[in-house]
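Summary of structural features
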Amino acid sequence: MANPTNHPGDGSRATLAQVAARAGVSASTASLAFSGAGPVADETRERVLAAARELDYGGPDPRARSLRTGRSGIIAVVMEDRISVAFGDPVAVTLLDGIADEIGGAGYSLLLLTDSLERAEGGLRDAPMDAALLLGCSTDLDPAVRVLSQRQVPLIGVEAEPRQGLPMVDIDNRAGMRRLAEHLAGLGHERVAVITLPMDRGHARGPLTQVRQDASVAYTGLERLAGVRDVFPDAPAEVAAGSLIEEGLIAARALLDAEPALTAIVGQSDLLALGAIQAAEERGLRVPEDISVAGFDGARIDGLSRHRLTTVVQPTLEKGRAAARLALAALAGEPVENVAFTTELRIGDTTAAPRSA
């Protein structure tokens, strides 16, 4: 029969003290062996972990850790889109990979939340978190900022509209898109249209009128639109309901119906651009011979298209890691400064001189 000191026989959870006793170390040494937060010899750590396996001990109770430290050990990522939609976007997945790499290495767990405030309880209002990363590349984050600020949760913005006191990780959206537009102008294009990311919280599709544009709080979408219109001031724009191939297809159909003489379409994401290619090809238009198409992100789109897309490449993985490092620095009481990344234009086989040139 197992020694009751070393293995609970009544079905209760083994304790850290029992693991420490079985391994022949102090409880504090056993705790360090699990957390990796202090100097513990490899042989000692293995002895503690072996004792834990024998006792079926999974690790310190996170509730006890929370009471002891006053922290949950959780960093939240607040997304506007439904999580199922986000996981269909290679950019969002890569960004989350970068965040998870950094916070996991620091001993934190990742919590994914949407910014919905429809419920009186739950979610942003009371989910356990020590800090939050706000992904703001589509529309307004003000409601989330307001709720989390009231909770005194340290906040880091990722491609969100600059706010006083909100540390930011950003990229040169406008400048990057301007370089792409200049590439098209250099090829001789004059009739260029844009498929934008969502411009309002309702994710409504349709033409981007001046009224809609003036009312929009879609920071990233407006920046990327401005980059194209720095070169093509009259470029028409069609708003997509999300960064999806299907949305790019719908928007490009509308643009080609309204502007049959278009020679180029710019998608504000690579997935939107792939949808535009599909819309062109279903009408018998060749890319790039009859119409050029370009995107933004530099995402991995293996198997989604036979083309090498001309696109603006952003360092998505590094952006996620940088955001996580800012959150960790804030939690450690260290100075936190904004981080800005530079994009790069990558020429593929989807852009060429227009027929008229």
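Residues numbered from 1 in each chain as written. Predicted model: local features only at pLDDT ≥ 70, side-chain atom pairs only at ≥ 80, totals over all residues. Heavy atoms only, no water.

A few words on the environment of Val91. With respect to the helices and strands, Val91 occurs in helix H6 (residues 90-105). Sequence spacing of Val91 and Gly298 is 207 residues, and the spatial spacing of their C-alpha atoms is 8.5 Å. Non-local contacts of Val91, meaning those with residues more than four positions away in its chain, are made with Asp297, Ala299, Gln314 and Thr316. (Helix = DSSP H or I, 4+ residues; strand = E, 2+ residues; numbered from the N terminus. Contact = heavy atoms within 4.5 Å.)

Turning our attention to the nonpolar core. Of all hydrophobic cores here, the largest spans 43 residues; its most connected members are Ile75, Val77, Ile99, Leu133, Val228, Phe232 and Val266. Sorting elements by how many residues they give to this core places helix H13 (residues 316-331) first, with 7 residues. Not counting chain neighbours up to four residues away, the residues in contact with Phe232 comprise Ala181, Leu184, Ala185, His189, Glu190 and Val192. (Core = buried A, V, L, I, M, F, W, Y, C linked by side-chain atoms within 4.5 Å. Buried < 20%, exposed > 50% of the residue type's maximum accessible area, 1.4 Å probe, protein only.)

Right, let's talk about unusual backbone geometry for a bit. For the bond from Val287 to Pro288, the omega torsion is 10 degrees, close enough to zero to count as cis. Structurally, Pro288 can be placed in the loop between helix H12 (270-282) and strand S10 (292-297). A positive phi is found at Gln152, a non-glycine position, where the angle reads about 60 degrees. Mapped onto the fold, Gln152 is located in the loop between helix H7 (142-150) and strand S4 (155-158). Residue Gln152 is classed as exposed on the basis of its relative accessible area of 71%.

What follows is about the sheet that holds strand S2 (residues 109-114). Spatially, S2-S1-S3-S4-S5-S12 is the arrangement adopted by the 6 strands of the open sheet, whose pairing is parallel. In this open sheet, the two strands that pair with only one neighbour each are S2 and strand S12 (339-341). In this sheet, adjacent strand axes meet at a mean angle of 15 degrees when their direction is disregarded. The sheet contact formed by strand S1 (residues 74-79) and S2 spans 6 bridges and is parallel. Paired with Val77 across the bridge in S2 is Leu112. (Pairing = 2+ DSSP bridges. Axes fitted to C-alpha atoms, helices over the stretch in contact; angles between N-to-C directions.)

With that out of the way, let us pick up the pattern of salt bridges. On inspection of all chains with the given rule, the structure shows 19 salt bridges. Arg53 serves as the salt-bridge partner of Glu46, at 2.8 Å between the closest nitrogen and oxygen. Its salt-bridge partner being Asp257, residue Arg283 comes within 2.8 Å of it at the nearest N-O pair. Taken as a pair, Arg283 in the loop between H12 and S10 and Asp257 in helix H11 (residues 245-258) lie far apart in primary sequence, 26 residues in all. Classification of Asp257 as exposed rests on a relative accessible area of 54%. Through salt bridges that share partners, Glu159, Arg224, Asp297 and Lys319 make up one connected network. (Salt bridge = Lys/Arg side-chain N within 4 Å of Asp/Glu carboxyl O.)

Okay, the pairing of strand S6 (residues 192-196) next. Side-chain positions along a regular strand alternate between the two faces of the sheet. Along S6, 5 of the 5 residues are buried, which leaves the element largely enclosed by surrounding structure. Residues of S6 alternate between two faces, with Val192, Val194 and Thr196 on one and Ala193 and Ile195 on the opposite face, all of them buried. Sheet analysis places S6 next to strand S9 (residues 264-267), joined by 4 bridges and oriented parallel. Residue pairing for S9: Val192 is matched across the bridge by Ala264. Pairing analysis gives 3 bridges linking S6 to strand S8 (residues 237-239), with the strands arranged parallel. Bridge pairing in S8 places Val194 opposite Ala237.

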